[in-house]
Amino acid sequence: MAKLYSQKKLASQKMLPKKETISFLLHYSKALSIIKAGKFSFEFIAN
Amino acid sequence: MAINELSDAVLIRKYIQGEESALGILIERHQSKIYGFIYSKIKDKDLCDDVFQDTFIKVIKTLKSNSYNEEGKFVPWVMRIAHNLVIDHFRKSKKIRFQRDTDEYSVFSLLSDSSLNAENQIILDQIELDLSIIIEEIPQDQREVLVMRMHQDLSFKEIADLTGVSINTALGRMRYAIINLRKIIAKNNIVLTN
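Residues numbered from 1 in each chain as written. Chains lettered and ligands numbered in written order. Predicted model: local features only at pLDDT ≥ 70, side-chain atom pairs only at ≥ 80, totals over all residues.

## Some points on the overall build of chain A
Working step 1: Assigned secondary structure in chain A consists of one helix and two strands.
Working step 2: The order of α-helices and β-strands along chain A, N terminus first, is α-β-β.
Working step 3: A burial count over chain A gives 6% of its 47 residues as buried. (Helix = DSSP H or I, 4+ residues; strand = E, 2+ residues; numbered from the N terminus. Buried ≥ 20, exposed ≤ 12 C-beta atoms within 10 Å, placed from the backbone.)

## As for the packing of helix α6 (residues 140-150) of chain B against helix α8 (residues 167-187) of chain B
All names here are of chain B.
Working step 1: At their nearest, the axes of α6 and α8 sit 8 Å apart, and the two run at 95° to each other. Overall, the two elements α6 and α8 adopt an arrangement that is roughly perpendicular. Contact residues: α6 offers D141, Q142, R143, V145, L146 and R149, while α8 offers A170, R173, M174, Y176, A177 and N180.
Working step 2: A class-by-class count of the residues in the contact of α6 with α8 yields six nonpolar, two polar and four charged. (Axes fitted to C-alpha atoms, helices over the stretch in contact; angles between N-to-C directions. Parallel < 35°, antiparallel > 145°, perpendicular 65-115°, else oblique. Contact = placed C-beta atoms within 7 Å. Nonpolar A, V, L, I, M, F, W, Y, C, P; charged D, E, K, R; others polar.)

## Some details on the interface of chain A and chain B
Working step 1: The interface is formed by 18 residues belonging to chain A together with 18 residues belonging to chain B.
Working step 2: The set of elements that each furnish at least two residues to the side of chain A that touches chain B consists of α1 (19-31) and β1 (32-37) of chain A.
Working step 3: Looking at side-chain class alone, the side of chain A that touches chain B contains ten nonpolar, four polar and four charged residues.

## Some thoughts on the nonpolar core
All names here are of chain B.
Working step 1: The biggest cluster of nonpolar side chains holds 22 residues, and the ones touching the most others in it are Y15, I34, I38, V51, F52 and A82.
Working step 2: Of all the secondary-structure elements, those providing two or more residues to this core are α1 (8-16), α2 (21-41), α3 (45-64) and α4 (74-95).
Working step 3: The biggest single contributor to this core is α2, with eight residues.
Working step 4: In this structure, Y15 is in contact with A22, L23 and L63, ignoring residues within four places of it in sequence.
Working step 5: Counting seven residues, the second largest nonpolar core, distinct from the first, contains I138, L146, I159 and A170. (Core = buried A, V, L, I, M, F, W, Y, C linked by C-beta atoms within 7 Å.)

## Some points on unusual backbone geometry
Residues and elements named next belong to chain B.
Working step 1: The backbone phi angle of N66 is positive, close to 60°, even though this residue is not glycine.
Working step 2: Relative to the helices and strands, N66 is located in the loop between α3 and α4.
Working step 3: A residue is classified by how many C-beta atoms lie within 10 Å of it, and N66, with 11 of them, is exposed.

## Let's talk about the confidence of the model for chain A
Working step 1: Residues of chain A with pLDDT of at least 70 account for 70%, and the chain-wide mean is 80.
Working step 2: In the model of chain A, strand β2 (residues 40-45) of chain A stands out as the element of lowest mean pLDDT, 86, in contrast to α1 of chain A, which has the highest, 95. (pLDDT = per-residue confidence, 0-100.)

## Brief notes about the environment of F37 of chain B
All names here are of chain B.
Working step 1: By the secondary structure assignment, F37 is in helix α2.
Working step 2: For F37, a count of 21 C-beta atoms within 10 Å gives the class buried.
Working step 3: Separated by 15 residues in the primary sequence, F37 and F52 place their C-alpha atoms 9.8 Å from one another.
Working step 4: With residues near it in sequence (within four places) discarded, F37 still touches M79 and A82.

## Examining α4 of chain B
Residue and element names in this part refer to chain B.
Working step 1: Over its 22 residues, α4 extends 32 Å from the first C-alpha to the last, a length consistent with the 32 Å expected when each residue adds 1.5 Å.
Working step 2: Listed as buried for α4 are F74, V78, A82 and L85. Each buried residue of α4 sits inside an arc of 65° when the element is viewed along its axis, so together they form one side. Away from its buried face by more than 90 degrees, α4 exposes P76, N84, I87, F90, R91, K94 and K95.
Working step 3: Against α1, α2 and α3 lie the buried residues of α4. (Expected span 1.5 Å × (residues − 1). Arc of directions from axis to C-beta.)

## Concerning the packing of α2 of chain B against α4 of chain B
A pair of packed helices is characterised by two quantities: the angle between their axes and the separation of those axes.
All names here are of chain B.
Working step 1: Their axes nearest at 10 Å, the elements α2 and α4 cross at an angle of 25°. In this view, α2 runs roughly parallel relative to α4, as classed from their interaxial angle. Pair α2 / α4 crosses with right-handed handedness. Residues H30, K33, I34, F37, I38 and K41 of α2 pack against V75, V78, M79, A82 and V86 of α4.
Working step 2: The residue inventory of the contact of α2 with α4, partitioned by class, reads eight nonpolar, one polar and two charged. (Left-handed = near helix turned anticlockwise from the far one by under 90°.)

Right, dumping it as structure tokens:
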């Protein structure tokens, strides 16, 4: 029987970052606050 | 309208106003595109995660400090940040020299074990034993200076003070101690090499 060369490839998996990376970013965002005072900006990370 | 149907520009505005959930939607919406872009440059998932994380840390800091002014162009802006971080990564990794093992060069040629093997240790023990016997043969005043200098690592000044002689006398005794040791070694055909 002739080979089928037209067979579709399996769809390539979507490239996604680790769940931990996303979780870290969301927590980091919640913890971070930036206050600007004139020329300076101060970063605060809440524990 | 549900929050996840809002445009990027509206989500950014909401995030700047303090609605943290907007960031989650933005990341979820564009993570594949941004991560795929980074992966196309750095073919290492762990490093990609690091660059992805650093990219969004910059995004968060910029948005929180109200420095963002590219309304409607969120993805190209994030891509540009990611691109710059990828370049930084390659600059850094270029500085770290990487040496592969080849037929002519082995990384193990740089590494050595300074401890003695069993045979050399036995030889060394024998030499030390021979030497301690020979030292007993030289005069007491010379032996005293030799032991203080070689075993106790004292300076000639300290030896002179301890033995109650001048530095020159101590130096002279040391010189004669070595001459006498050599004579005994030569006379008895002793080999003191490892």
